Amino acid sequence: LFMEGYRSKVKIFSLLKYIKLSINTLNLLKKEKPNVVICQLPPLFLGYSILVYKLLTLSKKPDIILDLHSASFFKPWSYFGFFNNYLFKKSLQLIVTNKQLMSEIDRKHHNKVLILEDAIFDVQETKNKNNKNNKSSIKLTNIDDSNDTAADQGLKVGIICSFAPDEPISEIIATAKQIPDVKFFVSGDHNRVNKNLSDAHQSLSNLLFTGFLDHTDYKKLISSMDVLMVLTKRNKTLLSGCYEAVMVEKPLITSNFEVLQEAFNKGTIFVDNSVEEIVNAIDKVKNNYLKLKEENKYLKEEKNNEWNKKISFLQSII
């Protein structure tokens, strides 16, 4: 697994960034000489770097398998329609997470599309190099993880968050204000939150922003929650945080888009992202806690079996 990237708040530097990353990719391919490359898109330029490498080396290898994430089908990447289709044509296989994304691909490519959801793996260890000023806001050692009687104690809601534009942060803060007897723990780099919203949560003792957590603390956080909530305003998007809820076998609250309803059809309560529905969903978790928890245990087994079958197919064509 190779990952390279640069972050910059200045959009004009994006072109320079992709030129540099493309050169790095060419050097990596020259060194590794792979027969097959599975590459995650966006960015589109990654796939074209492999095509350029094949052209320069006058080789038919490596075969390209594209792992197309939801952002590939939204602006700005949707503007590159012709270039997307050409790259699809030159690829051995296309991977998407759901049939709604498959419908975004020209039907002439459907014979090479594999619908493959995320695996229910353990949370991967991560290191955040930019975490100097983003320390955890809570002491995780003080969180009680004996939560089988969630309805009898103060409910703990873990909110898996990246503070991206598609997440209803203001609604989450408003929900915490309405139900002060429920504790909310919001993971992720909250330095990205709007200042007005950040000021609004200061007076709420039941709403805690954890900051970016390392692997051990993040696993402890989601394992110690009674319910996990992962929300988006963007359709056709499967949320990795939902799979993490299944991994730790916790009741899940997520947005009521069709793609999420189909993927998480057990142990889950769906909401329209409004404060009223989020409050009602939390109340439903209190009343059906053990049932929802047991359903997510079965869902975990189903997804593991399905994922293993599809990975076996993918291995067979490589």
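Looking now at the sheet that holds strand 1 (residues 36-41). Strand order in the open sheet formed by 4 strands is 1-2-3-4, with parallel pairing between adjacent strands. In the strand order of this sheet, the two ends are held by strand 1 and strand 4 (113-115), each with one partner. Mean inter-strand twist for the sheet, computed between neighbouring axes without regard to direction, equals 25°. Both strand 3 (residues 93-96) and strand 4 contribute to a ladder of 3 bridges, which runs parallel.

Per-chain confidence: the protein chain averages 85 in pLDDT, with 85% of residues scoring 70 or above. Note that residues 128-137 has pLDDT below 50 and, in this model, 16 contacts with residues that lie over four places away or in other chains.

Strand order in this open sheet of 6 strands is 7-6-5-8-9-10, and the pairing throughout is parallel. Two strands lie at the open edges of the sheet, namely strand 7 (207-211) and strand 10 (268-271), each paired on one side alone. Across this sheet, the average inter-strand angle for adjacent strands is 25°, counted without regard to direction. Sheet analysis places strand 9 (residues 252-255) next to strand 10, joined by 4 bridges and oriented parallel. Following the sheet pairing, Ser255 is matched in strand 10 by Val271. Running over the sheet, helix 10 (residues 275-287) touches strand 5 (156-159), strand 6 (183-187), strand 8 (227-230), strand 9 and strand 10 and is turned about 165° from strand 10.

Quick notes on the rules
Residues numbered from 1 in each chain as written. Predicted model: local features only at pLDDT ≥ 70, side-chain atom pairs only at ≥ 80, totals over all residues. Heavy atoms only, no water. Pairing = 2+ DSSP bridges. Helix = DSSP H or I, 4+ residues; strand = E, 2+ residues; numbered from the N terminus. Axes fitted to C-alpha atoms, helices over the stretch in contact; angles between N-to-C directions. pLDDT = per-residue confidence, 0-100. Contact = heavy atoms within 4.5 Å.

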